[in-house]
Amino acid sequence: MKGALEPPAPAETAHQPRPSAVTAKDLGRATATRRRRSASLKLWIGAVCTLLVVVPVALAQLLPLAGADDQDLSARRLPPLTDGHLFGTDQLGRDLLSRVLHGGQVSLTVGVLAVVVSGLIGVVAGAAAGYFGRWVDTVVSRLLEAQMSLPLLMMLLLVVALFGPSVTVITCVIAVAQWPEVARLTRSLVLVEREKPYVAAARVLGLRQVAILARHIIPNIVRQASLVVLLLLAQAVLLESALSYLGAGPQRPFATWGRIISDGQDYITTSWWLVTLPGLVIVLLVVGVNLLGDGLRDRTRRRATEASS
């Protein structure tokens, strides 16, 4: 009788959650997860490669190395790891590692200054063209098309031949050659930003056009534009090395990477390290900067996608 009066036990199986068909392995194979891992891997590898070059170059004056111009004719063309010379010596007995590190200071200085100047020019010109439009956009667009239609290296050689191969001239020439890349991206970003509600609200409040552009729009797009500037650093170093290799770079006593390779090319069959090791340093820096820029760009895009969703 007592058992008949008791209410039936609830069906527990009806309220238990079903096990998910998506496993941790499936999540690991997801596109978003793979992109996140790829971006992190690019960042780590790019940062390591870049620091392996930048840190020794920045500390070249503090490292226990021989002078970059100290000659020892009795120790000419020593192979790497010989008599305390990690990279060996060149045709005049100078320590190759010291020359590479001190030459890197010139090459990196020219590259950094060039991308900073080109970034400023590109952001200002691209933002003005994208926001104001009309004749401003027409003028900037025609300048972009005209410059991008010219052979880059030939234009650089012509300007250097006219004004001289000084560090200032080469820096300005590379900066002028690279600003179209930043300007094109900035213009496209500003075209999107100017249609957003906060810009319309700023106009309603009576802010001037220049104030809206400088205080509201540019701060919102400067992070994405700076990624392009970072990627242009590798191109600037390559351009400076190419000019120095052709004899149009900074003149002596500056020992740039391109000049070191140019001086050692006559001995490439007998002393391979004179060309190979400086070339590997350039490759390491370029690969590192490109991977670092790609990783930062992927992470920025992912965060923007997550914010919009």
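Residues numbered from 1 in each chain as written. Predicted model: local features only at pLDDT ≥ 70, side-chain atom pairs only at ≥ 80, totals over all residues. Heavy atoms only, no water.

Looking at an unreviewed UniProt entry, one finds the protein named Binding-protein-dependent transport systems inner membrane component and attributed to Streptomyces bingchenggensis. We quote the UniProt Subcellular location (unreviewed entry) comment for the protein here in full: "Cell membrane". Quoted verbatim from the Sequence similarities (unreviewed entry) field of the UniProt record, the comment on the protein reads "Belongs to the binding-protein-dependent transport system permease family." (UniProt positions renumbered as here; feature names shortened; annotations may be inferred.)

Visitor: Can you walk me through the packing of helix H4 (residues 96-132) against helix H9 (residues 209-245) in this structure?
Guide: Geometry of a packed helix pair, given as the angle between the helix axes and the separation of the axes. Where H4 meets H9, the axes come as close as 7 Å, and the angle between the chain directions of the two elements is 145°. Note that H4 runs across H9; the crossing there is right-handed. (Axes fitted to C-alpha atoms, helices over the stretch in contact; angles between N-to-C directions. Helix = DSSP H or I, 4+ residues; strand = E, 2+ residues; numbered from the N terminus. Left-handed = near helix turned anticlockwise from the far one by under 90°.)

Visitor: Teacher, can you tell me more about helix H6 (residues 152-163) here?
Guide: Helical geometry: 3.6 residues make up each α-helical turn, so side chains three or four residues apart lie on a common side. For H6, with 12 residues, the first-to-last C-alpha span of 17 Å sits near the 16 Å given by 1.5 Å per residue. Looking at H6, one finds that the buried residues are Met155, Leu156 and Val160. Seen along its axis, H6 keeps its buried residues to an arc of 130°; they face one direction. Projecting away from the buried face of H6 at angles above 90 degrees are the exposed residues Met154, Leu158, Ala161 and Leu162. On its buried face, H6 sits against helix H5 (134-148), helix H7 (167-193) and H9. One or two positions beyond H6, positive phi appears at Gly164, with a value near 95°. (Expected span 1.5 Å × (residues − 1). Buried < 20%, exposed > 50% of the residue type's maximum accessible area, 1.4 Å probe, protein only. Arc of directions from axis to C-beta. Contact = heavy atoms within 4.5 Å.)

Visitor: Help me understand the confidence of the model for the protein in this model?
Guide: Low pLDDT means the predicted coordinates in that region are not meant to be read closely. The pLDDT averaged across the protein works out to 81; a share of 86% of its residues lies at or above 70. Highest mean pLDDT in the protein belongs to H4 (89); lowest belongs to helix H1 (residues 2-5) (50). (pLDDT = per-residue confidence, 0-100.)

Visitor: Any chance you could explain the UniProt feature "transmembrane region" (unreviewed entry) in the protein here in plain terms?
Guide: Sites flagged by UniProt as "transmembrane region" (unreviewed entry) map to residues 43-63, 106-132, 152-177, 197-218, 225-248 and 272-293. Span residues 43-63 is 76% helix and 0% strand, its end C-alpha atoms 28 Å apart. In the segment residues 272-293, helix accounts for 95% and strand for 0%; the C-alpha atoms at its two ends are 32 Å apart.

Visitor: So what exactly am I meant to see when it comes to the pattern of salt bridges here?
Guide: Close approach of charged atoms allows side chains of opposite charge to pair. Enumeration according to the criterion identifies 6 salt bridges in this entry. Among the salt bridges present, the one from Lys196 reaches Glu193, with a minimum N-O distance of 3.0 Å. For Glu193, a relative accessible area of 10% corresponds to the buried category. Sharing partners across several salt bridges, the network here consists of Asp90, Arg94 and Arg99. (Salt bridge = Lys/Arg side-chain N within 4 Å of Asp/Glu carboxyl O.)

Visitor: Sorry if this is basic, but what is going on with a nonpolar patch on the surface here?
Guide: On the surface, a cluster of nonpolar side chains totalling about 520 Å² of accessible area is made up of Leu51, Val55, Leu59, Leu62, Leu63 and Leu65. Residue placement: Val55 occurs in helix H3 (residues 31-58). (Patch = residues over 30% accessible without salt bridge, like charges linked within 9 Å, V, L, I, M, F, W, Y side chains within 5 Å. Areas by Shrake-Rupley, 256 points an atom, 1.4 Å probe, with all protein chains shown as cover.)

Visitor: Please explain the nonpolar core as it appears in this structure.
Guide: Soluble, globular proteins show a tendency: their nonpolar side chains are buried together. With 46 residues, the main nonpolar core has Phe87, Leu96, Val100, Ile174, Trp257 and Leu285 as its most contacted residues. Residue assignment for this core shows that the elements contributing at least two residues are H3, H4, H6, H7, H9, helix H10 (257-264) and helix H11 (273-308). Ignoring sequence-local partners within four residues, the contact set of Phe87 consists of Pro80, Leu96, Leu97, Val100, Trp273, Leu277 and Val281. Membership of the second largest hydrophobic core comes to 10 residues, among which are Val190, Ala202, Ile217 and Ile221. (Core = buried A, V, L, I, M, F, W, Y, C linked by side-chain atoms within 4.5 Å.)

Visitor: What is the right way to read unusual backbone geometry from this model?
Guide: Excluding glycine, residues mostly carry a negative phi; peptide bonds, for their part, are mostly trans. Notably, Arg77 is not glycine yet its phi reads approximately 50°, a positive angle. Turning to its location among the elements, Arg77 is positioned in the loop between H3 and H4. The exposure class of Arg77 is partly exposed, given its relative accessible area of 34%. A positive phi angle is found at Leu81, which is not glycine, with a value near 65°.

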